[in-house]
Amino acid sequence: IAGITQAPTSQILAAGRRMTLRCTQDMRHNAMYWYRQDLGLGLRLIHYSNTAGTTGKGEVPDGYSVSRANTDDFPLTLASAVPSQTSVYFCASSDFAGGLNEQFFGPGTRLTVL
Amino acid sequence: AQSVTQLDSQVPVFEEAPVELRCNYSSSVSVYLFWYVQYPNQGLQLLLKYLSGSTLVESINGFEAEFNKSQTSFHLRKPSVHISDTAEYFCAVTSNSGYSTLTFGKGTMLLVSP
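Residues numbered from 1 in each chain as written. Chains lettered and ligands numbered in written order. Predicted model: local features only at pLDDT ≥ 70, side-chain atom pairs only at ≥ 80, totals over all residues. Heavy atoms only, no water.

### Here's the deal with the environment of B:Ser9
Residue and element names in this part refer to chain B. Using the following cut-off: Only DSSP runs of H or I reaching four residues or more are called helices, and only runs of E reaching two or more are called strands; each is numbered from the N terminus. Classification of residues uses two cut-offs on accessible area relative to the type maximum, computed with a 1.4 Å probe and protein chains only: under 20% is buried, over 50% is exposed, and between them is partly exposed. Contact between two residues is taken to exist if any of their heavy atoms lie within 4.5 Å; hydrogens are not considered.
Relative to the helices and strands, Ser 9 is located in the loop between strand E1 (2-5) and strand E2 (10-14). Residue classification places Ser 9 among the exposed positions, given a relative accessible area of 58%. Through-space distance from the C-alpha of Ser 9 to that of Gly 107 is 6.3 Å; in sequence the pair is 98 residues apart. Ignoring sequence-local partners within four residues, the contact set of Ser 9 consists of Gly 107, Thr 108 and Met 109.

### Re the state of the cysteines
As a reminder, the rule being used: Note on terminology: pairs of cysteine sulfur atoms within 2.5 Å are recorded as disulfides.
What the rule picks out here adds up to 2 disulfides over all chains. The disulfide partner of A:Cys23 is A:Cys91, and the gap between their sulfur atoms is 1.9 Å. Taking the sign of the S-S torsion, -70° for the link of A:Cys23 and A:Cys91, the bridge is left-handed. With A:Cys23 in strand E3 (residues 19-25) and A:Cys91 in strand E9 (residues 87-94), this residue pair connects regions lying 68 residues apart in the sequence. Neither A:Cys23 nor A:Cys91 differs from the other in exposure class; each is buried. Through a disulfide, B:Cys23 is tied to B:Cys91; the S-S separation comes to 2.0 Å. Across the S-S bond linking B:Cys23 and B:Cys91, the dihedral sits near -65°, which makes this disulfide left-handed.

### Some thoughts on the packing of aromatic side chains
Put simply, the rule reads: The criterion for an aromatic pair is that two Phe, Tyr or Trp rings (for Trp, the six-membered ring) have centres within 6.5 Å, with stacked assigned to planes under 30 degrees apart, edge-to-face to planes over 60 apart and tilted to the rest.
Taken as a whole and assessed by the stated rule, the structure comprises 12 aromatic pairs over all chains. Measuring from ring centre to ring centre gives 5.8 Å for A:Phe105 and B:Tyr36, while their planes differ by 75°; the resulting arrangement is edge-to-face. Of the two residues, A:Phe105 is situated in strand E10 (residues 104-105) and B:Tyr36 in strand E5 (residues 31-38); the pairing between them involves two chains. Taken individually, A:Phe105 and B:Tyr36 each receive the classification buried, so the pair is uniform in this respect. An aromatic cluster of at least three residues, connected via ring pairs, comprises A:Tyr33, A:Tyr35, A:Phe105, B:Phe34, B:Tyr36, B:Phe90 and B:Phe104.

### So, the interface of chain B and chain A
Interface size, as often reported, equals the accessible area lost upon joining of the parts. To keep it simple, the criterion reads: Values labelled buried area give the accessible surface lost by two parts on being combined, using a 1.4 Å probe and summing over both. Every case where a carboxyl oxygen of Asp or Glu lies within 4 Å of a side-chain nitrogen of Lys or Arg is listed as a salt bridge. Any pair of N or O atoms that falls within 3.5 Å is considered a polar contact. Within protein, one atom must be able to donate a hydrogen and the other to accept it, and sequence-neighbouring residues count only if both atoms are side-chain atoms. As a working rule, the residues Ala, Val, Leu, Ile, Met, Phe, Trp, Tyr, Cys and Pro are called nonpolar, Asp, Glu, Lys and Arg charged, and the rest polar, with Gly in that last group.
On the chain A side, the residues contacting the 21 residues of chain B number 19 residues. Regarding the contact of chain B and chain A, the summed buried area is about 1,600 Å², with carbon and sulfur atoms giving 61% of it. Applying the counting rule to chain B against chain A returns 0 salt bridges. On the surface where chain B and chain A come into contact, there are 2 residue pairs in polar contact (both at pLDDT 80 or more). When residues of the side of chain B that touches chain A are traced back to their parent elements, those giving at least two are E5, strand E6 (44-50) and strand E10 (87-95) of chain B. Considering each element in turn, the side of chain B that touches chain A owes the most residues, 4 residues, to E5(B). Its residues placed into classes, the side of chain B that touches chain A shows 10 nonpolar, 8 polar and 3 charged.

### Focus: the nonpolar core
Residues and elements named next belong to chain B. Put simply, the rule is: Working definition of a nonpolar core: buried Ala, Val, Leu, Ile, Met, Phe, Trp, Tyr and Cys residues. They are joined through side-chain atoms within 4.5 Å.
The biggest cluster of nonpolar side chains holds 28 residues, and the ones touching the most others in it are Trp 35, Leu 48, Phe 74, Leu 76 and Tyr 89. Only E2, strand E3 (19-21), E5, E6, strand E8 (64-68), strand E9 (73-78), E10 and strand E12 (108-113) provide two or more residues apiece to this core. Ignoring sequence-local partners within four residues, the contact set of Phe 74 consists of Cys 23, Leu 33, Phe 34, Trp 35, Leu 48, Lys 49, Tyr 50, Val 57, Ala 65, Glu 66 and Phe 67.

### Observations regarding the side chain of A:Arg68
Residue and element names in this part refer to chain A. The condition is simple: For this count, His and the chain ends are skipped, Lys and Arg are scored as positive, and Asp and Glu as negative.
As for its position among the elements, Arg 68 is in the loop between strand E7 (64-66) and strand E8 (76-78). It turns out Arg 68 is buried and unbridged, and the closest side chain with the opposite charge, Asp 72, is 6.7 Å from it. Within polar-contact distance, the side chain of Arg 68 engages the backbone oxygen of Thr 71 at 2.8 Å.

### Topic: the pattern of salt bridges
Opposite charge on two side chains permits them to pair, given that their charged atoms come into close proximity. Residues and elements named next belong to chain A. In the structure shown here, the tally under the stated rule is 6 salt bridges over all chains. With a shortest N-O distance of 2.9 Å, Arg 44 and Asp 38 are connected by a salt bridge. A single burial state applies to Arg 44 and to Asp 38, both of which are buried. Among the charged side chains, a network of salt bridges with common partners joins Arg 36, Asp 38 and Arg 44.

Structure representation (structure tokens):
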């Protein structure tokens, strides 16, 4: 039982480089989410997808893009990384869209932008 | 829009002592409330939730939280903590309308020492 997998586990990236964080779930959940976690700021929603083929912007979407071509995968792309994007990134999923549904989280990707 | 305030960034306690982690929320509509827990180097896991009905909700590992609408609070309590409860705890809120997303507090680090 895998649940949600994220790759890579960690990455050091030069500023200006393009980077895609991968997220895959095997629970056939409709909704998926990307958060970033920063010390003292908690978790902030970057982008979400209520169902395959749709995406929406969260609280801090600038500098990030997502796609949802199928149910299982929800990659997050940094087109041109900047040091302020240094963070721990968590992917999550839930049965259905709507905050009342329990979200299941992946193990996270620790990204450092130099 | 809704927001969550966790008043304490860190709470140190001794093993077997009681603990209360405070959470206050702000919203113009009815809400659902959650506590998530993050153990070191892991993703978040749902601890307990209030959707409707009894205002006192419990988790399987001895935590409980009480929804207090008049005080807009959802404090988390445990009468006797264990070393293994050391973790970061996040309060989260969502509105009960449509496909609303979760808003997390900044987290409270519970440090249990022998």
